[in-house]
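Fold and geometry: a report
As a plain string of letters, each chain reads:
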Amino acid sequence: DAGVTQSPTHLIKTRGQQVTLRCSPKSGHDTVSWYQQALGQGPQFIFQYYEEEERQRGNFPDRFSGHQFPNYSSELNVNALLLGDSALYLCASSLGLQGTEAFFGQGTRLTVV
Amino acid sequence: AQSVTQLGSHVSVSEGALVLLRCNYSSSVPPYLFWYVQYPNQGLQLLLKYTSAATLVKGINGFEAEFKKSETSFHLTKPSAHMSDAAEYFCAVSPTTDSWGKLQFGAGTQVVVTP
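One numbering rule holds for all chains: residues counted from 1, following each sequence as written. For naming, the first written chain is A and the first written ligand is 1, with later ones following in the order written. With pLDDT at 70 or above as the cut-off, local features in this predicted model cover only qualifying residues; side-chain atom pairs require 80 or more to be listed or tallied, and sums for whole chains, interfaces and linings still use all residues. Processing note: side-chain calculations cover all non-hydrogen atoms of the structure and skip hydrogens and water entirely.

Regarding the pattern of salt bridges
Basically, it comes down to this: Only one rule defines a salt bridge in this text: a Lys or Arg side-chain nitrogen within 4 Å of an Asp or Glu carboxyl oxygen. Working definition: with a 1.4 Å probe on protein chains only, accessible area under 20% of the residue-type maximum means buried, over 50% means exposed, and in between means partly exposed. The way it works is that DSSP assigns letters per residue, a run of H or I at least four long becomes a helix, a run of E at least two long becomes a strand, and they are numbered from the N terminus.
For the structure shown, the criterion picks out seven salt bridges over all chains. Between Arg57(A) and Glu54(A) there is a salt bridge, and its shortest N-O distance comes to 3.1 Å. Exposure remark for Glu54(A): the relative accessible area of 35% places this residue in the partly exposed category. Taking the shortest distance from any N to any O, the salt bridge between Lys49(B) and Glu101(A) comes out at 3.5 Å. In this pair, Lys49(B) is assigned in strand E5 (residues 44-50) and Glu101(A) in the loop between strand E9 (87-94) and strand E10 (103-104), connecting two distinct chains.

In structure tokens, the structure reads:
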């Protein structure tokens, strides 16, 4: 079982650019959630996808968008990057929308310069 | 609305000593509560979870936590610290009406274990 896999592991982008991060959920899982973890802080919930639809969203601007594919993998897109978007982006997968454990990937470290 | 407060951003313990990490929550409904551990440059690993069954929850690596509704607390303990316990620990809450995938995390407590 490969667990939750994220790519790339590290990324450097310039202010104003756009970035796409990718996540493959744990085998058998169909729900994907994305979190942003700034340095020295706890993870902050961005949004959650289930059945290819955004089901819940945290307090993040529309510059943050996502997608879920039929194979349950997911992408996180961030447009018009700001220096403050520099963070570790974590993907978590779970089964269904009710009462299941979330498994986290190792994250993508995004640095905006 | 729900939130989590972790008391102490850094904790230093001696090897073999008790580890105690404090977590208080606020929630309008009975919550699910979690403790996660994060090693450097890695993602989060679930240590244990409370889901309204037994109030004393045992997790991996010898950790346990007790849910106290009257104190709105969910403190994490381990009787004897090991060098491998050095990591950052996060308490998280999720309302019982939502998926466990949507979690509200505390700011974290960095644990240093000294020989």
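Some thoughts on the sheet that holds strand E3 (residues 19-24) of chain A
Residue and element names in this part refer to chain A. The condition is simple: The criterion for strand pairing is that DSSP finds at least two bridges linking the strands in question. Note on geometry: axes are lines fitted to C-alpha atoms, helical ones only across the stretch in contact, with angles between N-to-C directions running from 0 to 180 degrees.
A sheet is described by the order of its strands in space; here four strands give the open sequence E1-E3-E8-E7, paired in antiparallel fashion. A strand with exactly one partner marks an edge of an open sheet, and here the two such strands are strand E1 (5-7) and strand E7 (64-68). Adjacent strand axes in the sheet meet at a mean angle of 20 degrees, parallel and antiparallel pairs treated alike. Sheet topology places E7 next to strand E8 (residues 74-78); five bridges connect them, and they run antiparallel. The partner of glutamine 68 across the bridge, within E8, is serine 74.

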